[in-house]
Amino acid sequence: MSNEQHEHEVDLVVVGLGPGGEALATGAAQAGLSVVAVDKHLVGGECPYYGCIPSKMMLRAAGTLAEARRAGTLAGDVDVTPSWAPVARRIREEATDDWDDTVAVRRLEDAGATVHHGTARLDGVRRVLVELRDGSTRAYTARRGVVVNPGTRPAAPPVPGLEGTPYWTNREALQATEVPASLVVLGGGPIGCELAQVFARFGSRVTVLQHNERLLPHDEPEASAALERVLAEEGVRVVTGAETSEVRWADGGFTVMVGEERVTGDRLLVATGRTPNLDGLGLDTVGLDPSARSVEVDERLRAAEGLWVVGDVTGHGAYTHVSMYQSAIALRDVLEQDGPSAAYSAVPHVTFTDPEVAGVGMTEQQARDAGLRVRTGSTPMESSSRGFVHGPGAAGLVKLVEDADRGVLVGATVVGPAGGEVLHALAVAVHAEVPVDRLRTMIWAYPTFSRAIESALADLGN
Ligand SMILES: Cc1cc2nc3c(=O)[nH]c(=O)nc-3n(C[C@H](O)[C@H](O)[C@H](O)COP(=O)(O)OP(=O)(O)OC[C@H]3O[C@@H](n4cnc5c(N)ncnc54)[C@H](O)[C@@H]3O)c2cc1C
Ligand SMILES: NC(=O)c1ccc[n+]([C@@H]2O[C@H](COP(=O)([O-])OP(=O)(O)OC[C@H]3O[C@@H](n4cnc5c(N)ncnc54)[C@H](O)[C@@H]3O)[C@@H](O)[C@H]2O)c1
């Protein structure tokens, strides 16, 4: 008997259980739908096991070391002897259960869903084939439809010699049980910057090779420059505009050729972007292009008849909060409930380096490219009262982007201690289109980092 004769009919199939897929499957099951939820690896996706949570645990530990090292200036002598063991232990035991999703599976089952570990692919409208780990295949027909949340995987750049070497991606880096004596980081995006700072603060000699002319190129140039200065002060070597021509792996070490220079490291972390997990998903069977970089979705996350798509592959920001936001909207649509549709004018993001680099809405360049009449205002964080009090570690800035015709902020950047927290006042302003004149009448508590926003508002248009 062919395995594909195991035909089942349910209300909803959720393929890929990243943060959005897991939340949606849970909500749909709790609402009484019969739900089959499928993930080929771990329920919860990249964020809890190889992304946000373990990387933020590393950054928390690295930040503690940095603060201890600042004691010399602020509070007397502290001897700092970094140890990676508590970091690796916290990640293994507290964050990931040793990369075991039993608890997450049980939580989803308790909500009422049927959970499969297996690889799923679309097989026409409202049809899914699931290849289970035991090799058998189940065919599902989903009366309401199918939700797809497949996420991304690390992309490897086509650098000669790289393939086949034991380089790290975020997955290996976040499972590291020791700190390499030296590390080359290929890529100066959020992953490269966060992990470069972590390993450097734990004693690794780190070189970041960034292809772009600056770190974090999606952020304001002033933010990139501020972060680059801090990393340099901490001993991280940052090479921007780096053209890597070859990677060699020999005698337990890497050599990366950048022009005529040989950059060496015990480990090589490749953090040069992501590849969407859209291949092999059967998108062609529902009339969609499987080779596209992202799946186009409407404001209710519909991609085709009986198909919703959420998360990184929609191209609206590869962040957990976007996946969760979309998931709530798609769930309402699945349940045929009304509610606000998706809008992306105030998507916040935070790179959790120290200083944190946080942004919302448009950068100045994006606003200009959109044809807006732009006014900007900015202020250095270290010249705010709180920055002055804070002393070492206060480097940063606030930058505002105003649509001068409408008198509202369309974008903002905060770089500084707790920059991601400070950003949220500005995220409210961008989201709710609070008039700049009204923001100027606010009282900002003294001496908070947020109060630097008042100075940036005063600078608008000057
Ligand atoms: C190192 C790192 C740090 C990060 N830090 C942050 C941060 O601080 N804040 C933040 O907001 N974001 C962060 N991100 C991004 C964040 O992890 C993702 O945006 C988030 O996981 C949402 O992704 P997603 O919902 O698209 O799916 P994912 O989390 O990628 O999950 C997709 C799931 O689908 C499964 N799957 C794929 N194809 C199939 C298939 N055919 N059949 C069955 N299952 C399938 C996969 O196994 C996976 O479990 C970080 C990412 C990385 C790598
Ligand atoms: N704190 C956060 O929210 C957070 C943290 C980590 C990751 N993420 C998400 O994960 C996504 C992936 O992160 P990422 O840093 O891998 O990707 P990214 O695409 O943002 O950055 C990759 C960088 O690598 C550079 N690059 C590309 N090819 C290169 C090469 N051959 N040599 C050297 N540099 C090269 C690019 O110039 C780019 O700036 C991010 O876009 C972000 O959405 C978020």
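Here the structure is shown first, and the text comes after it.
All values reported here derive from a predicted model rather than from experimental measurement. (Residues numbered from 1 in each chain as written. Chains lettered and ligands numbered in written order. Predicted model: local features only at pLDDT ≥ 70, side-chain atom pairs only at ≥ 80, totals over all residues.)

Participant: Is there a simple way to think about the overall build of the chain in this case?
Facilitator: Looking only at helices and strands, the chain features 14 helices and 21 strands. Taken against the 2.2 N^0.38 rule, which gives 23 Å for 462 residues, the C-alpha radius of gyration of the chain at 24 Å falls within 12% of a compact globule. Relative to its full complement of 462 residues, the chain shows a buried share of 48%. For the chain, the proportion of contacts with a sequence separation of at least 24, taken over those separated by at least 6, is 66%. (Helix = DSSP H or I, 4+ residues; strand = E, 2+ residues; numbered from the N terminus. Rg over C-alpha atoms; globule rule 2.2 N^0.38 Å. Buried ≥ 20, exposed ≤ 12 C-beta atoms within 10 Å, placed from the backbone. Contact = placed C-beta atoms within 7 Å.)

Participant: What am I meant to see in the environment of Gly161 here?
Facilitator: Here Gly161 lies in the loop between strand S6 (152–154) and helix H6 (170–174). Owing to 16 C-beta atoms within 10 Å, Gly161 belongs among the partly exposed residues under this scheme. Here the alpha-carbon distance between Gly161 and Arg248, two residues 87 residues apart in the chain, equals 5.9 Å. In contact with Gly161, other than residues within four places in its own chain, are Glu246, Val247 and Arg248.

Participant: Please explain the nonpolar core as it appears in this structure.
Facilitator: Inside soluble globular proteins, nonpolar side chains tend to come together where they are buried. In this structure, Val14 and Val185 are the most contacted members of the largest nonpolar core, which totals 134 residues. Of all the elements, helix H7 (residues 190–201) adds the most residues to this core, at seven residues. Those residues in contact with Val14 that lie beyond four places of it in its chain are Gly21, Leu24, Ala25, Val35, Ala37, Val38, Val147 and Asn149. (Core = buried A, V, L, I, M, F, W, Y, C linked by C-beta atoms within 7 Å.)

Participant: How should I be thinking about the pairing of strand S4 (residues 127–132) in this particular structure?
Facilitator: One face of the sheet, then the other: side chains in a regular strand alternate in exactly this way. Of the strand pairs in this sheet, strand S3 (residues 114–122) and S4 are connected by five bridges, and their pairing is antiparallel. What sits directly across from Leu122, in S4, is Val128. A loop of four residues connects S3 with S4, the two strands running antiparallel in sequence, and Gly124 in this loop sits at a positive phi of about 100 degrees. Taken together, the five bridges between S4 and strand S5 (residues 137–148) define a ladder with antiparallel strand orientation. Each residue of the ladder has a partner; that of Val128, found in S5, is Tyr140. Taking the residues that link successive antiparallel strands as the turn, the S4-S5 hairpin has four residues, and the phi of Gly135 there is positive, at about 95 degrees. (Pairing = 2+ DSSP bridges.)

Participant: What am I meant to see in the sheet that holds strand S18 (residues 356–361) here?
Facilitator: Consider a sheet: its strands pair through backbone hydrogen bonds, and that pairing is either parallel or antiparallel. Taken in spatial order, the five strands make up an open sheet running S17-S18-S21-S20-S19, and their pairing is antiparallel. Each edge of the open sheet carries a strand with a single partner, namely strand S17 (348–351) and strand S19 (374–380). Here the strands of the sheet are splayed against their neighbours by 10 degrees on average, with no regard to which way each runs. By the bridge criterion, seven bridges tie strand S20 (residues 397–403) to strand S21 (residues 408–416) in an arrangement that is antiparallel. Each residue of the ladder has a partner; that of Glu402, found in S21, is Leu409. Helix H14 (residues 452–459) contacts S19 and S20 of the sheet and is inclined by roughly 140 degrees relative to S19. (Axes fitted to C-alpha atoms, helices over the stretch in contact; angles between N-to-C directions.)

Participant: I tried to follow the packing of helix H3 (residues 52–74) against helix H4 (residues 85–95) on my own but got confused; where do I start?
Facilitator: For the pair H3 and H4, the least separation of the axes is 10 Å and the interaxial angle reads 150 degrees. Relative to H4, the element H3 is oriented roughly antiparallel. The handedness of the crossing between H3 and H4 is right-handed. Across the interface between the two elements, Ile53, Pro54, Met57, Met58 and Ala61 from H3 touch Pro86, Val87, Arg90, Ile91 and Ala95 from H4. The residue inventory of the contact of H3 with H4, partitioned by class, reads nine nonpolar, no polar and one charged. (Parallel < 35°, antiparallel > 145°, perpendicular 65-115°, else oblique. Left-handed = near helix turned anticlockwise from the far one by under 90°. Nonpolar A, V, L, I, M, F, W, Y, C, P; charged D, E, K, R; others polar.)

Participant: What is the right way to read the site of ligand 2 from this model?
Facilitator: Near ligand 2 you find 27 residues, and of these Gly187, Gly189, His211, Gly273 and Ala318 are the closest. Residue contributions to the shell around ligand 2 peak at four residues, all from H7. Each of domain 2 (170–272) and domain 3 (348–459) gives at least three residues to the shell around ligand 2. (Near = placed C-beta within 6 Å. Domains from an automatic or database assignment.)

Participant: I'm lost on the sheet that holds strand S12 (residues 261–265) in this one. Help?
Facilitator: Here we have three strands laid out as an open sheet, ordered S10-S11-S12, and antiparallel in their pairing. Among the strands making up the open sheet, the edge pair consists of strand S10 (244–250) and S12. When strand polarity is set aside, the average angle formed by the axes of neighbouring strands in this sheet is 20 degrees. Two strands pair when backbone bridges link them, and S10 and strand S11 (residues 253–258) are joined in this way by six bridges, in the antiparallel orientation. Counted as the bridge partner of Ala250 is Gly253 from S11.

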